[in-house]
Amino acid sequence: MKAQTGSGDDVGLEDSSQRENQPDSSWQENQPIRANASSSSVASAYFNNKITIPEDQQHPIFSFKKLWAFTGPGFLMSIAYLDPGNIESDLRSGSVAQFKLLWVLMSATFLGLLMQRLSARLGVVTGMHLAEVCYRSYPRVPRLVLWIMVEIAIIGSDMQEVIGTAIAFYLLSDGKIPLYAGVLITIADTFTFLFLDKYGLRKLEGFFAFLILIMVVTFGYEYVMVAPDQPALLRGMFVPFCEDCGPDQVLQAVAIIGAIIMPHNIYLHSALVKSRDVDRTKRDHIQEANKYFFVEAAIALFISFLINVFVTAVFAEGFYGRNITQVYDSCIERDVPHASVFNTTNLEVDIFRGGVFLGCQFGLAAMYIWAVGILAAGQSSTMTGTYTGQFVMEGFLNLKWKRWIRVLFTRSIAIFPTILVASFSGIQDLTQMNDMLNVLMSMQLPFALIPILTFTSSESIMGDFKNGRFMSIFTALLAVLVIGINLFFISVYIHSLPPHWAVYVAVSVLVILYLTFVLYLCLSCLKPRDTPYVLSESISGTSLELDSETPDFGSTANASEFGSTPKTPDFGSTANTSEFGSTPNTSVVEKDHNKRNTSSL
């Protein structure tokens with residue numbers, strides 16, 4: 001079999017029956033940087049029992065049997081597209097623009113799919129997730145700053161998810177479970193559900209699939225009950241135009257993009273794909289994994305898109321164009337709990353008010369079914385957020401702690417701010433905070449997009465599977481567009497801050513520091529990389545020997561993790577004998593390392 005050359009963008013449709021027992025020699029000439037058995041971070045302890053990919057020689061082009069084996073990571077990733085922050089963005093979109101912004105939702109989901117594709121490819125090709133590659137590629141200070149930025153995004157997302165779950169408990173209990181109690185319940189059951197992976201990864205993935213099914217049923221029920229105008233819905237989805245739209249609609253369009261594309265989700269997906277047993281010494285196995293992971297991600301995001309459409313359409317048909325008097329009178333007539341939220345002069349809607357509105361308009365059953373859907377969205381996204389926090393912290397800091405300590409520490413960072421907010425804020429004060437959290441996560445987006453574009457375009461990291469020129473330009477332009485849109489969103493929000501000179505000075509300093517770091521990451525992306533940063537440091541004589549029992553918070557690489565002897569790390573080893581059952585082959589980076597040592601002698 002002749003190995004394909006080029007960017008590796010083609011997913012590869014080779015007959016699996018033609019696979020060789022030994023790696024293809026032409027493939028070995030330009031292999032990517034990969035982790036061996038010992039190089040996985042502690043986070044991979046969640047995937048000790050990797051799922052084996054079966055052979056299916058009867059269906060060489062596309063096998064549903066193999067697709068089923070690869071199914072799982074994409075659906076866990078797609079939950080971030082269904083978290084309470086996204087649900088609130090959907091209902092606001094329908095309430096202020098009716099169906100006119102559905103095309104923005106569809107475009108943002110497609111853009112998210114492209115970014116998730118890059119994330120999955122990085123994990124498949126290198127055997128390391130994005131945080132681990134950052135750990136090996138960036139110097140100490142930028143790496144720690146990058147970790148802090150990603151942690152801020154995780155904290156912001158966690159606050160939306162946990163508070164959304166607490167609101168669901170509040171609605172289901174008719175206000176008997178206050179916000180802070182709902183937050184504590186969410187934390188407790190999240191820790192309980194996370195230990196499902198002790199009974200097998202498939203059972204854990206099945207539980208997440210069940211939560212997604214609950215969202216499909218509950219929000220689908222609301223959709224059928226409201227019976228939206230189908231021609232108007234399709235027109236809003238496929239006609240990229242917003243007639244008679246003003247600043248509110250434009251701002252909501254920007255909010256949709258900011259809510260859909262989550263920075264920490266790119267880190268998560270690159271880690272989840274490591275749960276499948278892919279032989280990275282064979283090019284066709286990697287191409288096959290890239291193909292099936294992309295198909296699975298497309299299916300998962302299509303389902304998440306449908307759920308988002310359900311929510312948008314419900315409020316586009318049922319809420320848009322109504323006035324506060326009509327809504328409040330309906331609530332009084334049906335004797336709905338919490339009707340007082342509409343006894344005001346301004347008609348606004350969020351997750352809480354949205355549930356109350358459905359109860360006022362379509363009966364109490366609609367409110368409780370809505371709350372069940374929000375509970376599933378919040379609980380599932382909180383659990384995946386827990387995994388993301390651990391992957392990111394363990395990858396960036398190379399933590400080697402016991403599991404319960406890691407879970408407790410990484411969760412505490414995100415949970416304490418949530419408890420404080422829930423304890424000292426009323427349930428009707430959360431709308432403005434949700435806007436602030438969306439802005440916060442929008443600001444963190446470059447710290448996921450720029451690294452993933454940098455690494456997936458690097459031949460020294462991805463080998464032949466690096467992005468092609470067209471894909472690099474296309475994704476870079478999309479990233480610039482998304483970052484620009486989010487910066488616009490941030491600028492609009494800044495205008496709402498108190499008009500005081502101290503506020504302007506503080507904001508100016510933060511903006512300068514922020515743009516400086518983004519510029520650094522962009523320049524790092526443009527810098528040619530014959531070898532990773534970590535290799536150049538080892539050549540210069542930097543000691544890379546670490547104590548395996550002590551967590552490292554500063555060094556740029558761990559020699560023992562790469563399966564090499566101290567002070568002479570082998571960053572180019574293509575495989576580990578114990579992991580792949582074959583003799584390691586010399587890679588491009590290893591040859592370059594030897595060449596440099598020879599020239600120095």
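What counts as what
Residues numbered from 1 in each chain as written. Predicted model: local features only at pLDDT ≥ 70, side-chain atom pairs only at ≥ 80, totals over all residues. Heavy atoms only, no water. Helix = DSSP H or I, 4+ residues; strand = E, 2+ residues; numbered from the N terminus. Buried < 20%, exposed > 50% of the residue type's maximum accessible area, 1.4 Å probe, protein only. Contact = heavy atoms within 4.5 Å. Areas by Shrake-Rupley, 256 points an atom, 1.4 Å probe, with all protein chains shown as cover. Axes fitted to C-alpha atoms, helices over the stretch in contact; angles between N-to-C directions. Parallel < 35°, antiparallel > 145°, perpendicular 65-115°, else oblique. Left-handed = near helix turned anticlockwise from the far one by under 90°. Nonpolar A, V, L, I, M, F, W, Y, C, P; charged D, E, K, R; others polar. Phe/Tyr/Trp six-rings, centres within 6.5 Å; stacked < 30°, edge-to-face > 60°. Lys NZ or Arg CZ within 6 Å of the ring centre and 35° of its normal. Salt bridge = Lys/Arg side-chain N within 4 Å of Asp/Glu carboxyl O. Disulfide = S-S within 2.5 Å.

Novice: An account of the overall build of the protein chain is requested, with residue identities and associated values reported.
Specialist: Along its length, the protein chain carries 25 helices and two strands. The buried share among the 601 residues of the protein chain stands at 58%. Taking the contacts inside the protein chain whose residues are at least 6 apart along the sequence as the reference set, 83% of them involve residues at least 24 apart. In the form shown here, the protein chain has an accessible surface area of approximately 24300 Å², with 63% of it arising from carbon and sulfur atoms.

Novice: I'd like a description of the packing of helix α5 (residues 102–126) against helix α11 (residues 247–260), backed by residues and values.
Specialist: For the pair α5 and α11, interaxial distance at closest approach is 9 Å and the crossing angle is 30°. With respect to each other, α5 and α11 are oriented roughly parallel. For the element pair α5 and α11, the recorded crossing hand is right-handed. Across the interface between the two elements, Val104, Leu105, Ala108 and Thr109 of α5 pack against Ala253, Ile256, Ile257 and Ile260 of α11. Its residues placed into classes, the contact of α5 with α11 shows seven nonpolar, one polar and no charged.

Novice: Provide a residue-level description of the packing of aromatic side chains, including the pertinent values.
Specialist: Pairs of aromatic rings are described using the distance from one ring centre to the other and the angle between the two planes. A full pass over the atoms with the stated rule returns 18 aromatic pairs. Ring geometry for Phe517 and Tyr520: centres 6.1 Å apart, planes at 15°, overall stacked. Taken together, the residues Phe517 and Tyr520, both in helix α22 (residues 501–526) and three residues apart, mark about one turn of the helix. An aromatic cluster is defined as three or more aromatic residues linked by ring pairs; in this entry it consists of Phe62, Phe64, Phe70, Tyr292 and Phe293. The ring of Trp68 is capped by Arg202, whose NZ or CZ atom sits 5.1 Å from the centre of that ring. Here the basic side chain of Arg283 rests over the ring of Phe465, its NZ or CZ set 5.1 Å away from the ring centre.

Novice: If you had to explain the pattern of salt bridges to someone new, which residues and values would you point to?
Specialist: Within the structure shown, the criterion is met by nine salt bridges. In this structure, Lys66 and Glu288 form a salt bridge, with 2.6 Å as the shortest nitrogen-oxygen distance. Remark: Glu288 occurs in helix α13 (residues 283–318) and Lys66 occurs in helix α2 (residues 64–70); sequence separation between them is 222 residues. Glu288 matches Lys66 in its accessibility class, with the two residues each being buried. Note that Glu132 and Lys274 form a salt bridge whose closest N and O atoms lie 3.0 Å from each other. Pair noted here: Glu132 is in helix α6 (residues 130–137) and Lys274 is in the loop between α12 (263–272) and β2 (276–277), with a separation of 142 residues, a long-range link. We classify Glu132 as buried; its relative accessible area is 1%. Take Lys274: its relative accessible area is 5%, and that puts it in the buried class. One connected set of salt bridges, linked through shared partners, spans Arg202, Glu205 and Arg276.

Novice: So what's going on with unusual backbone geometry? Residues and values would help.
Specialist: The backbone phi angle of Asp244 is positive, close to 60°, even though this residue is not glycine. By the secondary structure assignment, Asp244 is in the loop between α10 (230–238) and α11. A positive phi angle, close to 65°, is found at His338, a residue other than glycine. Considering the arrangement of structural elements, one finds His338 in the loop between α14 (324–334) and α15 (351–362).

Novice: Give a detailed account of the state of the cysteines, specifying residues and quantitative values.
Specialist: Two cysteines form a disulfide when their sulfur atoms are joined by a covalent bond. Enumeration over the complete set of coordinates arrives at two disulfides. Here Cys242 engages in a disulfide with Cys245; their sulfurs sit 1.5 Å apart. When the S-S torsion is -55°, as for the bridge of Cys242 with Cys245, the disulfide is left-handed. The residue that forms a disulfide with Cys331 is Cys360, at a sulfur-sulfur distance of 1.8 Å. One quick way to see it: the torsion about the S-S bond of Cys331 and Cys360 is about 100°, and its sign makes the bridge right-handed. Of this pair, Cys331 sits in helix α14 while Cys360 sits in helix α15, and the two are 29 residues apart along the sequence. Each member of the pair Cys331 and Cys360 is classed as buried. Each disulfide in the protein chain links cysteines that, numbered along the sequence, combine into the pattern 1-2, 3-4.

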